[in-house]
Amino acid sequence: MTGGGVDSSVVVVGAGVAGASTVQALRRRGHTGPIVVLGAESTGPYERPPLAKGYLRGDEDASTLASPTSQLEGVAWHLGSSVIGTDLDAQWVMDEHGDRHSFDHLVVATGATPRRLNLPFGTLTLRTVSDANELKARLTPGAQLVVVGGGFLGFEVAATARQLGVEVTVVELSSQPFADRLGARAAGALLALHCAHGVRIEAGTRVIDGERRGDGAVIELANGETLDADVVLESVGAVPDLSWLTSAGLEQESGLLCNQYCEAAPGVWAVGDAARFWHSGYARYVRLEHRTNASEQAAAVAAGILGKRNRYAPVPFVWTDHYDTRIQIAGAIAAVGLGVVDHHDNGAWVETFHQSGDLVGGVAWRAIKEFQSCRRDLLARAREWPDVDPPTS
Ligand SMILES: Cc1cc2nc3c(=O)[nH]c(=O)nc-3n(C[C@H](O)[C@H](O)[C@H](O)COP(=O)(O)OP(=O)(O)OC[C@H]3O[C@@H](n4cnc5c(N)ncnc54)[C@H](O)[C@@H]3O)c2cc1C
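The rules behind these values
- Residues numbered from 1 in each chain as written.
- Predicted model: local features only at pLDDT ≥ 70, side-chain atom pairs only at ≥ 80, totals over all residues.
- Heavy atoms only, no water.
- Helix = DSSP H or I, 4+ residues; strand = E, 2+ residues; numbered from the N terminus.
- Buried < 20%, exposed > 50% of the residue type's maximum accessible area, 1.4 Å probe, protein only.
- Polar contact = N/O pair within 3.5 Å; in protein donor to acceptor, adjacent residues only side chain to side chain.
- Contact = heavy atoms within 4.5 Å.
- Disulfide = S-S within 2.5 Å.
- Near = heavy atom within 4 Å.
- Nonpolar A, V, L, I, M, F, W, Y, C, P; charged D, E, K, R; others polar.
- Phe/Tyr/Trp six-rings, centres within 6.5 Å; stacked < 30°, edge-to-face > 60°.

(A) View of the side chain of Thr-160. Along the polypeptide, Thr-160 turns up in helix H5 (residues 152–163). Judged by relative accessible area, which is 2%, Thr-160 ranks as buried. A distance of 2.7 Å separates a polar side-chain atom of Thr-160 from the backbone oxygen of Ala-52. If we skip the residues at most four places from it in the chain, Thr-160 touches Ala-52, Lys-53, Leu-56 and Arg-57.

Shown next, in the form of structure tokens:
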């Protein structure tokens, strides 16, 4: 594959924030060639985090979600246009209307779609604005919501639903929800926060059966409990959207497998939730479903397209909001261990995790400002990471 440099032609598949940020980064770095963006949704790029929070609560409207990148010059946006196939040797992708789009560089930015459990009753999922609109319409005061899956997204919706006067039960397979993501202390604090707000938590169990009842369901759990629901939200993770790439012969391991430059094959790049890239600092493949990663990885991909390949080895960063509490996580958190805690005013604290004396991660509880120095320290440590190459197969 040829045609690197500022005037190369680029096709971006996926008009989410990762695709849009790549386009923006390309133009900012002086790329002048033609760019085509193909997006399955009919709307331009928008922010998804508020869909579980302010937008779902009704505090924000659709106009505040939109990303301004759709205004960029010389970029052809084909919205409502899914890509259905590609020929990497001939360097084109084909959209659902049968049109081919040629490229020197292809950027795979197709994100992920909610995983489904095939439950025997109707459920909703939350990924898009239209999903959020459907869920919002059903979250009326006094309604009973059952959330299947107690990850960040499921519990964020639980918090928002409580603020809307909805009765909420969360069903989670793990007996220690969040422990692997937050460490034991913050996980315990977050569950206690939800209990204090009246969320019923059924942890260490799963849905084994159920049936539709009216618009809702009656749900049977493995622990013998039965739940009545007016609305059921399935929130059990998301899987990368790569079916359109199947014929391309690229490796997919729950994400398009890429090297440390986010390149899956010469001239084929992956960014955002769809990418499983070699993290040369952690010496393993990772896929990060975080908003911050979408922008940071986009900058790395844009630089690569312009011939300035730098290894992409970020310190992962994610935030999650529950009621009036923002939790931030950076780096790697020890699965169930306890770190070192610094307490601050108004119940805020930062917990840091160390390995062999070195800082490896941190969690902040209502401590946005105080967390900045921890993030800076993690970034400084990251500069000393060894540059481990991916295994050769
Ligand atoms: C409800 C919700 C709340 C979240 N909250 C947080 C948060 O608080 N903090 C945080 O750090 N992260 C959060 N995230 C995660 C963050 O939003 C994602 O990591 C980010 O949106 C990933 O961007 P992306 O562009 O890779 O994927 P997406 O945003 O999924 O965009 C991919 C786009 O590609 C399109 N597409 C798929 N297949 C095709 C095809 N064949 N042809 C053309 N287009 C296609 C899709 O329709 C989609 O529009 C949240 C996510 C959700 C869903």
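Now that the structure has been shown, the text picks up again.
(B) Representation of the state of the cysteines in the model. Tallying each qualifying case throughout the model produces zero disulfides. This cysteine, Cys-262, is not joined by any disulfide, and Cys-258 carries the nearest cysteine sulfur, 6.0 Å off. In this structure Cys-262 comes out as buried when scored by relative accessible area, which is 0%.

(C) Highlighting the site of the ligand. Surrounding the ligand, one finds 34 residues, the nearest of these being Glu-41, Arg-48, Lys-53, Arg-127 and Asp-273. Between the ligand and Val-17 there is a distance of 3.3 Å, counted from an oxygen atom to a backbone nitrogen or oxygen. In the environment of the ligand, a nitrogen atom lies 3.0 Å from a nitrogen or oxygen atom belonging to the backbone of Ala-40. Looking at the shell around the ligand residue by residue, the classes come out as 16 nonpolar, nine polar and nine charged.

(D) Quick peek at the packing of aromatic side chains. All told, the structure shown has six aromatic pairs when counted by the stated rule. Through a chain of ring-to-ring contacts, the aromatic side chains of Phe-152, Phe-155 and Phe-178 assemble into a single cluster.

(E) Seen up close, the environment of Val-83. Summarising the element assignment, Val-83 is placed in strand S4 (residues 83–87). Relative accessible area serves as the criterion here: at 9%, Val-83 is assigned to the buried category. Sequence separation between Val-83 and Asp-95 is 12 residues, and the spatial gap between their C-alpha atoms is 4.0 Å. Residues within four places of Val-83 in sequence aside, it is in contact with Val-13, Leu-38, Val-93, Met-94, Asp-95 and Trp-244.

Geometry only, nothing functional implied.
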